[in-house]
Amino acid sequence: MIHSNARHAPLAGAALAGILLAALCLVAVGALVVQAGGAGGAGAVLTDPVVWRIVRFTLWQAFWSTVLSVGLAVPVAIAITRMADGPGRRAVLALFALPLALPQIVAVLGVVALYGQRGFVTGLAERAGFDPPSIYGLTGILIAHTFFNLPLAARIMHGALALVPAEYERLSAQLGMGALARFRLVEWPAMRPAAAGAAALVFMLCVTSFAVVLILGGGPRATTLEVALYQALTFDFDIVRAVVLTLLQLAVTIGAVALFAFAGGSVEAGMTISAGASRRFAGDRPAGAILGGALTLMAVLYVGAPFVAILASGLASDLTDLIVQPRVRRAMLTSLGLGLCAAALAVGLAYALSRGAAEMAAGRRFSGRPGFTETVLTSAPSLILVVPPIVIAAGWFIALRTVTNVYDAAPYLVITVNAAMAMPFAARLIHPAMLAAEERNGRLCAHLGLAGMARWRLVTWPVLRAPLVAALAFALALSLGDLGVIALFGSEQVQTMPYLIMQRMGAYRTQDAAGLALILMVMTMALMLAAEHFARRSRTMVTEGSSE
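Residues numbered from 1 in each chain as written. Predicted model: local features only at pLDDT ≥ 70, side-chain atom pairs only at ≥ 80, totals over all residues. Heavy atoms only, no water.

A. Up close: the overall build of the chain. On a plain count of helices and strands, the chain comes out with 22 helices and 0 strands. Accessible area for the chain stands at about 24,100 Å²; split by element, carbon and sulfur atoms hold 67% of it. (Helix = DSSP H or I, 4+ residues; strand = E, 2+ residues; numbered from the N terminus. Areas by Shrake-Rupley, 256 points an atom, 1.4 Å probe, with all protein chains shown as cover.)

B. Examining a nonpolar patch on the surface more closely. Together, Trp-60, Phe-63, Trp-64, Val-67, Leu-68 and Leu-72 line one region of the surface with nonpolar side chains, adding up to about 530 Å² of accessible area. For Val-67, a relative accessible area of 37% corresponds to the partly exposed category. (Patch = residues over 30% accessible without salt bridge, like charges linked within 9 Å, V, L, I, M, F, W, Y side chains within 5 Å. Salt bridge = Lys/Arg side-chain N within 4 Å of Asp/Glu carboxyl O. Buried < 20%, exposed > 50% of the residue type's maximum accessible area, 1.4 Å probe, protein only.)

C. Quick look at the packing of helix α17 (residues 389-400) against helix α18 (residues 410-448). Put simply, α17 and α18 touch, their axes get as near as 10 Å, and they point 150° apart. Taken together, the axis directions place α17 and α18 in an arrangement best described as roughly antiparallel. Considering the relative orientation of α17 and α18, their crossing is right-handed. Contacts from Pro-389, Ile-392, Trp-396 and Leu-400 in α17 reach Leu-413, Val-417 and Met-421 in α18. Taken together, the residues of the contact of α17 with α18 break down into 7 nonpolar, no polar and no charged. (Axes fitted to C-alpha atoms, helices over the stretch in contact; angles between N-to-C directions. Parallel < 35°, antiparallel > 145°, perpendicular 65-115°, else oblique. Left-handed = near helix turned anticlockwise from the far one by under 90°. Contact = heavy atoms within 4.5 Å. Nonpolar A, V, L, I, M, F, W, Y, C, P; charged D, E, K, R; others polar.)

D. Region of interest: the packing of aromatic side chains. Evaluation of the coordinates by the stated rule reveals 9 aromatic pairs. Where Phe-147 meets Phe-307, the ring centres are 5.8 Å apart and the plane angle is 55°; that geometry is what we call tilted. Taken as a pair, Phe-147 in helix α7 (residues 138-161) and Phe-307 in helix α13 (residues 286-315) lie far apart in primary sequence, 160 residues in all. On the basis of relative accessibility, which here comes to 1%, the residue Phe-147 falls in the buried class. (Phe/Tyr/Trp six-rings, centres within 6.5 Å; stacked < 30°, edge-to-face > 60°.)

E. Quick look at the pattern of salt bridges. Counted according to the given criterion, the structure contains 4 salt bridges. Of the charged contacts, one joins Arg-241 and Asp-48 as a salt bridge, the two residues approaching to 3.3 Å between their closest N and O atoms. Remark: Asp-48 occurs in the loop between α2 (42-46) and α3 (49-81) and Arg-241 occurs in helix α12 (residues 239-262); sequence separation between them is 193 residues. A single salt-bridge network, built from bridges that share partners, covers Arg-504, Arg-509 and Asp-512.

F. Fine view of the nonpolar core. Core analysis: the biggest nonpolar cluster contains 175 residues, and Leu-102 and Met-157 have the highest contact counts within it. In terms of residue count, the dominant contributor to this core is α18 (17 residues). With residues up to four places along the chain from it excluded, the contact list for Met-157 reads Val-70, Ala-73, Val-74, Ala-77, Met-191, Ala-194 and Ala-195. (Core = buried A, V, L, I, M, F, W, Y, C linked by side-chain atoms within 4.5 Å.)

G. Just the side chain of Thr-208, in detail. With respect to the helices and strands, Thr-208 occurs in the loop between α9 (179-207) and α10 (211-216). Aside from chain neighbours lying at most four places away, what touches Thr-208 is Glu-226, Gln-249, Thr-253 and Pro-388.

H. Inspection of unusual backbone geometry at higher detail. Unusually for a residue other than glycine, Tyr-508 sits at a positive phi of about 60°. On the basis of relative accessible area, Tyr-508 is assigned to the exposed category, the value being 73%.

I. How the structure looks around the environment of Phe-237. Position of Phe-237 among the secondary structure elements: in the loop between α11 (225-234) and α12. In this structure Phe-237 touches Ala-232 and Phe-397, once residues within four positions along its chain are discounted.

J. The confidence of the model for the chain, seen in detail. Of all residues in the chain, 89% attain a pLDDT of 70 or more, and the chain-wide mean is 81. Per-residue pLDDT, averaged within each element of the chain, yields its smallest value for helix α8 (residues 166-174) (72) and its largest for α3 (91). Throughout residues 277-282 the model reports pLDDT below 50, and contacts reaching past four residues in sequence, or to other chains, amount to 19 contacts. (pLDDT = per-residue confidence, 0-100.)

K. Quick look at α18. With 39 residues, α18 extends only 47 Å from end C-alpha to end C-alpha; this falls clearly short of the ideal 57 Å at 1.5 Å per step. The largest bend in α18 comes to about 50°, at Asn-441. Just past α18, the residue Gly-449 takes up positive phi, approximately 70°. (Expected span 1.5 Å × (residues − 1). Bend = angle between axes of the 7 residues up to and from the residue.)

L. Region of interest: α11. Within α11, 8 of the 10 residues are buried, which leaves it mostly tucked inside the rest of the structure. Taken together, the buried positions of α11 are Leu-225, Glu-226, Val-227, Ala-228, Leu-229, Tyr-230, Ala-232 and Leu-233.

M. Representation of the packing of α3 against α9. At a closest axis distance of 9 Å, the pairing of α3 and α9 adopts a crossing angle of 145°. Here the hand of the crossing between α3 and α9 comes out right-handed. Residue-level inspection shows Thr-58, Leu-59, Gln-61, Ala-62, Phe-63, Ser-65, Thr-66, Ser-69, Val-70, Val-74, Ala-77 and Ile-78 of α3 in contact with α9, the latter providing Phe-183, Glu-187, Trp-188, Met-191, Ala-195, Ala-198, Ala-199, Val-202, Phe-203, Cys-206 and Val-207. Across the contact of α3 with α9, the residue classes tally to 17 nonpolar, 5 polar and 1 charged.

N. Up close: the environment of Ala-28. On the secondary structure map, Ala-28 appears in helix α1 (residues 2-37). In the structure, Ala-28 is positioned 364 residues away from Ile-392 in sequence and 5.3 Å away in space, judged by C-alpha atoms. The contact partners of Ala-28, leaving out residues within four places of it in the chain, are Val-391, Ile-392, Gly-395 and Trp-396.

Next up, the structure:
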């Protein structure tokens, strides 16, 4: 009886988590469909050439952002993998992990400080006789997206290269293969699936990018669907146009996922902050080592420069005056409160789904192919990304506006949507450790009748402590930097740090915005480094456990 109850409880928890996630998305999409069905002006919106220009620009900027990010990440990943194992490579990988959780609005301020009209890089280019293009428009969007996604793609592909047996490298060196032959026959076959997954994830992130396009778009000719949706709801309050734009956004994301899945790419493959440890045999010629070092240095400068620019701009502001402002302190407390709630909910959902999937895997004794239910539980976290957060927020905005004051529901919606968006990343940290723990200890616990809190205290918590803390820190960092949901529901009563930064930028108080950006960057980077530390500990525990 104990064993039966112990098996049913995880599956019930996973089912409840799945129902909550499905309800969150289905209510939003259902409200949009119903509103669109009763809207007489939907046809006029669909025939508006401006709408289709927005769709084309959304896909165009996402395509080029993906090409640049993944294309440049390929040689960078190879160069990092061939670095000697030591503090240098660990520092590069740690730096490349930081943009993933850096709030978009903060990164945009750093990009503007570097490449804007009075930026450092722009000044150098002008003194050298060049006339650099304006940062506002497609150029700025591509720079910002590449800053975010090049290091992400490089880490994903580095993780794939790190799994190549050292014997392959030794054999290629003994056969006298040159760099191109080694890339074609050894490295690219290992990288190709990871590159496809990275491209799928980067394209999705760029299609649903909000803050970058909102600030750097530069006008109607450089607007994406998410920004147009935000403008339709907040400035024009054109519900019909907002519904049509939201459904188009949903169609674009679903189409992108289907296209990349057909091509062999998986969005899920990139949802991790773990990059893997390199165990490669370095047999490079001196010229190759120099070229690899130069590529790595250029990538480090490109990724690190915005952080330095944010730090410099923030320190030039009056931080002391900002911190003592009641509005700033209230925004910090609101961000932390909403972020902690969202992170806890994200970890809880990820834990429930991972626990159910692990129980299903244990039921088949970790052999054979997973069944349908286990596949659904394993894939559920990544499926939430098919519905962008702005779509969920817009759907609930429309659903609630006839029932209650939507701004009163703002805190609950911010928590719920941010939790859903952070949950896939939390699951990628929790699920491998959960599977490893169940495979090592599940049958023994069942044999001893160990269940409930006793099993949690003696068996589960020691194994899952590091991944759970890493997932909580990472989810909190992502939630602190969110602007998409709060941009719709923010008000004088509910303001977060990103919302306050956007307000100060809109009021041309750039020094205040720079100081607030520095504060928010320090908060998220501290959390990201903590997540990286605990994720590395979790990865080590799983590896050691699997080798026993």
